[in-house]
Amino acid sequence: MTRASMSGVPEEPIELEIVEPSIDREAVQSTGSVGTVAYPYRFYQGTATISRPLLDDRTEKYVVAVDRSRRLTLRADTVPDNIDRRFEDVLVLPSEVTEDHCRDMAEEAVFEWAMRSSMLHGSPEISLEGPRDVYKLFWLAEREDGDVLIDSVEGTERPFED
């Protein structure tokens, strides 16, 4: 990865592993320019093994996405396919969560999800595998009625607020 300026925009082209967009930047409707913002994520495949009296252990599998910029854990259906892409102009948001803290957040999320889905007679055994760091892209589009931030995977839009 290359060095970024104080603004977060690379001083030279940068290559990032990204979640493949379902909406291309060129397809975004805009009255002006369309910028690119890259949010750092870490994905884990988590397993909760739940001991049950008189029955075999039960195993629940989860995919955990940790949004390293907004400090959130999210439950995902799958670990997304990622691709390498080179960018000339991208605002790369910094990670606000260390690797160790990411792991702690993911373990806590798997524990809570297991607690909701089962009658537990003790704490489940949690394991996390396959940590993968990728960036999810958001398009920042200028529009007459105000700028919007568009999720490149889901296509959802929300007003951009400074």
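Reading the values: rules and limits
- Residues numbered from 1 in each chain as written.
- Predicted model: local features only at pLDDT ≥ 70, side-chain atom pairs only at ≥ 80, totals over all residues.
- Heavy atoms only, no water.
- Salt bridge = Lys/Arg side-chain N within 4 Å of Asp/Glu carboxyl O.
- Buried < 20%, exposed > 50% of the residue type's maximum accessible area, 1.4 Å probe, protein only.
- Helix = DSSP H or I, 4+ residues; strand = E, 2+ residues; numbered from the N terminus.
- Polar contact = N/O pair within 3.5 Å; in protein donor to acceptor, adjacent residues only side chain to side chain.
- Contact = heavy atoms within 4.5 Å.
- Phe/Tyr/Trp six-rings, centres within 6.5 Å; stacked < 30°, edge-to-face > 60°.
- Lys NZ or Arg CZ within 6 Å of the ring centre and 35° of its normal.
- Pairing = 2+ DSSP bridges.
- pLDDT = per-residue confidence, 0-100.

**Overview of the pattern of salt bridges**
1) Next: What the rule picks out here adds up to 10 salt bridges.
2) Next: Between Asp-67 and Arg-70 there is a salt bridge; the shortest N-O distance is 2.6 Å.
3) Next: For Arg-70, a relative accessible area of 37% puts it in the partly exposed group.
4) Next: The shortest N-O distance in the salt bridge between Glu-107 and Arg-103 comes to 3.9 Å. One end of the pair is Glu-107 and the other is Arg-103, both in helix 1 (residues 99–117) and four residues apart, which spans about a single turn.
5) Next: A relative accessible area of 30% means that Glu-107 is categorised as partly exposed.
6) Next: Taken together, the shared-partner salt bridges in this structure form one network comprising Arg-42, Arg-68, Glu-99 and Asp-133.

**A closer look at the side chain of Glu-60**
1) Next: As for its placement among the helices and strands, Glu-60 is situated in strand 3 (residues 58–67).
2) Next: Separated by 2.5 Å, the side chains of Glu-60 and Arg-58 make a polar contact.
3) Next: Excluding anything up to four places from it in sequence, Glu-60 contacts Gly-46, Thr-47, Ala-48, Ile-50 and Ser-117.

**Brief notes about the packing of aromatic side chains**
1) Next: Tallied over the full model, the rule gives three aromatic pairs.
2) Next: Taken together, a centroid distance of 6.2 Å and an interplanar angle of 20° make the contact between Tyr-41 and Phe-43 stacked. Each member of the pair, Tyr-41 as well as Phe-43, is classed as buried.
3) Next: Pairing Tyr-62 with Trp-113 gives two aromatic rings, centres 5.6 Å apart and planes at 45°, and the pair type is tilted. Pair noted here: Tyr-62 is in strand 3 and Trp-113 is in helix 1, with a separation of 51 residues, a long-range link. Neither Tyr-62 nor Trp-113 differs from the other in exposure class; each is buried.
4) Next: Sitting above the plane of the Trp-113 ring, Arg-75 keeps its charged end 5.5 Å from the centroid.

**Here we look at the pairing of strand 3**
Each regular strand carries side chains that alternate between the two faces of the sheet.
1) Next: For strand 3, a buried count of seven out of 10 residues is recorded, marking the element as mostly surrounded by other parts of the structure.
2) Next: Relative to strand 3, strand 2 (residues 34–50) is paired through 10 bridges, and the arrangement is antiparallel. Looking across to strand 3, one finds that Thr-47 is bridged to Lys-61.
3) Next: Bridge count between strand 3 and strand 4 (residues 72–76): five bridges; the pairing is antiparallel.

**Things to note about the confidence of the model for the protein chain**
1) Next: On average, residues of the protein chain carry a pLDDT of 86, and 90% of them reach 70 or more.
2) Next: Between residues 1–6, whose pLDDT stays under 50, and residues either more than four places distant or in other chains, the model counts 12 contacts.

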